[in-house]
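One letter stands for each residue in the lines below.
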Amino acid sequence: MELKLDPWGAVHVDDYNRLFQEFGISSFDEILPKLKAPHPYMRRRIIFGHRNYDSVVRAMLQHRPFAVMSGFMPSGRVHFGHMMVMNEIIWHQQQGGDAFAAIANMEAHAVRGISWAKCRDLGINEYILSLIALGFQPSGHIYFQSENFKMRDLAFELAASANFSEVSAIYGFSGETTIAHMASVMAQSADILHPQLKEFGGPKPVVIPVGADQDPHIKLTRDLAYRMRRFLVERRGDYVSIRGKAAGDDLMQAAEKALMDADFGKVRRYAEHIDLTEIRESEGLVSGELMEEIDRMMRDVEIKHGEFGFIPPASIYHRFMTGLAGGKMSSSKPESHIALTEDPKEAAKKIMRAITGGRQSLAEQRKLGGEPEKCSVYEFLLFHLSDDDEELRELDGECRSGRRMCGTCKKDVAERVEIFLREHQQAREAARDRLPEFGIKT
Ligand code: TRP
Ligand code: SF4
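A. Just the site of ligand 2, in detail. The local shell around ligand 2 consists of Thr356, Gly357, Gly358, Gln365, Cys375, Tyr378, Cys399, Arg404, Met405, Cys406 and Cys409. The site holding ligand 2 turns out to be the largest cavity. Here the residues of the shell around ligand 2 are counted per class, giving six nonpolar, four polar and one charged.

Listed below in structure tokens is the structure:
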């Protein structure tokens, strides 16, 4: 019962955590204390899970290069769910990350059969304008998949390391699945890894903010990143083993030389691995930092020999808003969501019609109180329309104790949605003139 008093909806978070133990996603709780000024989504536990985000946080804190990347399939209208991903990209850009946003027109064309012209129209007039209006800076990269040949070359290269059975096990491909559909899966992995190409400064931690449903893509891509490596650096207690993975003699020799020059400790070279023994500073266990240093050195060797040396991408996962009509928020059900391009008055009406966490009658509401954790109207405040944690805490308390009625609440939120959309849409129109700054031809 005590959990229920958490205005960030800890009950949901708990469910998610359970879900994730199964899939190997880590809880965001362990990251939160490391961040000086976390994004409200983090503070409010809307971002609840991650893979390998520590690597990004470390780079962020030590002012080392890192990047943020995500993608949008131009298949319909841009809505508040997409806005979450956009805000996460922009936040990381503000923290100093190189920012990448893909308009996944190859995916939309291959998987949904949407024409190239329509993809372009939706890409610009739905997604890109909102992304810029929300604060994406031109130092970052917005691109259509079909026009990014560095990414496409990488997709081909990745495809050489992925086979049909493994991708079909992940995506449920069958004999009827088109080759283009499969290629679009490789394009997505290449989207995720291409910020680490030489052209963009080489290997670096990259975070992919996505909804939890996108985790299979992340897992596959992390796996591919690992497969493209030629050395595997492993801690073995007080020594380090560097295994060559089809590294070839040239690479093994180069690695041996680099390690000897670095003076980490005694270097013993075998046919397919190199051991570092008597490691400096090691007292029983080799430190994580030293492991990273050795790994970085091995990546450098790989890159000098024309390999990629990818670092497995990190991810952060946000939970979804409840749909306005109950159930999931879905782009294909207009009543369930509000588009960022929607008429503000119509949007306000949707809020007034929304299913809340309220009770059947006013009397019951007064007696039992409402359930904000099940309330799509409350979620608009929690996710988007209130910066003020204190305000939310109060509202949560008033709702639960039956002092707040849904009618009042809806009117308040409807008004805020209307104002927000009006302002956002103005910013979108201003963004239209700035498209060339982002390399977008109209
Ligand atoms: N597949 C994603 C979607 O359906 C879009 C996407 C394409 C993407 N490339 C990406 C997401 C890279 C994250 C990272 O919405
Ligand atoms: Fe939701 Fe407000 Fe009703 Fe509570 S009072 S259930 S927060 S609409």
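We are not done yet, so read on.
B. Spotlight on the packing of aromatic side chains. In the structure shown here, the tally under the stated rule is eight aromatic pairs. Both rings, one in Phe136 and one in Phe438, keep their centres 6.3 Å apart while their planes meet at 45 degrees; by these two values the pair is tilted. Residue Phe136 is found in the loop between helix H6 (116–133) and strand E5 (141–144), and its partner Phe438 is found in the segment after helix H17 (406–432); the two are separated by 302 residues along the sequence. Side by side, Phe136 and Phe438 carry an identical accessibility label, which is buried. Ring plane angle 20 degrees and centroid distance 5.5 Å describe the contact between Tyr171 and Phe173, whose orientation is recorded as stacked. According to the relative accessible area criterion, Tyr171 is partly exposed, its value standing at 22%. One aromatic cluster is present, built from ring pairs that chain together Phe80, Phe380 and Phe420.

C. Focus on the environment of Ser26. Topologically, Ser26 is positioned in strand E1 (residues 26–27). By relative accessible area, which is 26% here, Ser26 ends up partly exposed. Separated by 142 residues in sequence, Ser26 and Ser168 have C-alpha atoms that sit 26 Å apart. When neighbours within four sequence positions are excluded, Ser26 is seen to be in contact with Phe48, Gly49 and His50.

D. Region of interest: the side chain of His39. Relative to the helices and strands, His39 resides in the loop between E1 and helix H2 (40–43). According to the relative accessible area criterion, His39 is buried, its value standing at 12%. Among the polar contacts listed, one links the side chain of His39 to the backbone nitrogen of Tyr41, at a separation of 2.9 Å. Each residue touching His39, except ones within four places of it in the same chain, is listed here: Asn87 and Trp91.

E. Quick look at the pattern of salt bridges. With the rule as written, the count across this model stands at 36 salt bridges. Arg243 is the salt-bridge partner of Glu234, the closest N and O atoms lying 3.6 Å from each other. With a relative accessible area of 22%, Glu234 lands in the partly exposed category. When the shortest N-O distance is used, the salt bridge between Glu278 and Lys266 registers 3.4 Å. Here Glu278 is found in the loop between strand E10 (273–277) and helix H12 (288–304), whereas its partner Lys266 is found in strand E9 (residues 266–269), with twelve residues between them in sequence. Using a relative accessible area of 39% as the deciding quantity, one classes Lys266 as partly exposed.

F. Representation of the site of ligand 1. Every residue close to ligand 1 is listed here: Met69, Ser70, Gly71, Met73, Ala104, Glu107, Gln188, Asp191, Ile192, Ile208, Val210 and Gln214. Glu107 is positioned with one of its side-chain polar atoms (N or O) 2.9 Å from a nitrogen atom of ligand 1. A distance of 2.7 Å is found between a nitrogen atom of ligand 1 and a side-chain nitrogen or oxygen belonging to Gln188. Out of a free accessible area of 370 Å², ligand 1 has 88% covered by protein chains. In this structure, ligand 1 is accommodated by the largest pocket. At the level of elements, strand E3 (67–72), helix H9 (179–193) and strand E6 (206–211) are the ones that each hand at least two residues to the shell around ligand 1. When the residues that make up the shell around ligand 1 are grouped by side-chain class, the tally is six nonpolar, four polar and two charged.

Conventions and cut-offs
- Residues numbered from 1 in each chain as written.
- Chains lettered and ligands numbered in written order.
- Predicted model: local features only at pLDDT ≥ 70, side-chain atom pairs only at ≥ 80, totals over all residues.
- Heavy atoms only, no water.
- Near = heavy atom within 4 Å.
- 1 Å grid on protein atoms, 1.4 Å probe; cavity = no way out; pocket = protein on both sides within 12 Å on 5 of 7 lines; lining within 4 Å.
- Sits in = over half its atoms within 2 Å of the grid points.
- Nonpolar A, V, L, I, M, F, W, Y, C, P; charged D, E, K, R; others polar.
- Phe/Tyr/Trp six-rings, centres within 6.5 Å; stacked < 30°, edge-to-face > 60°.
- Helix = DSSP H or I, 4+ residues; strand = E, 2+ residues; numbered from the N terminus.
- Buried < 20%, exposed > 50% of the residue type's maximum accessible area, 1.4 Å probe, protein only.
- Contact = heavy atoms within 4.5 Å.
- Polar contact = N/O pair within 3.5 Å; in protein donor to acceptor, adjacent residues only side chain to side chain.
- Salt bridge = Lys/Arg side-chain N within 4 Å of Asp/Glu carboxyl O.
- Areas by Shrake-Rupley, 256 points an atom, 1.4 Å probe, with all protein chains shown as cover.

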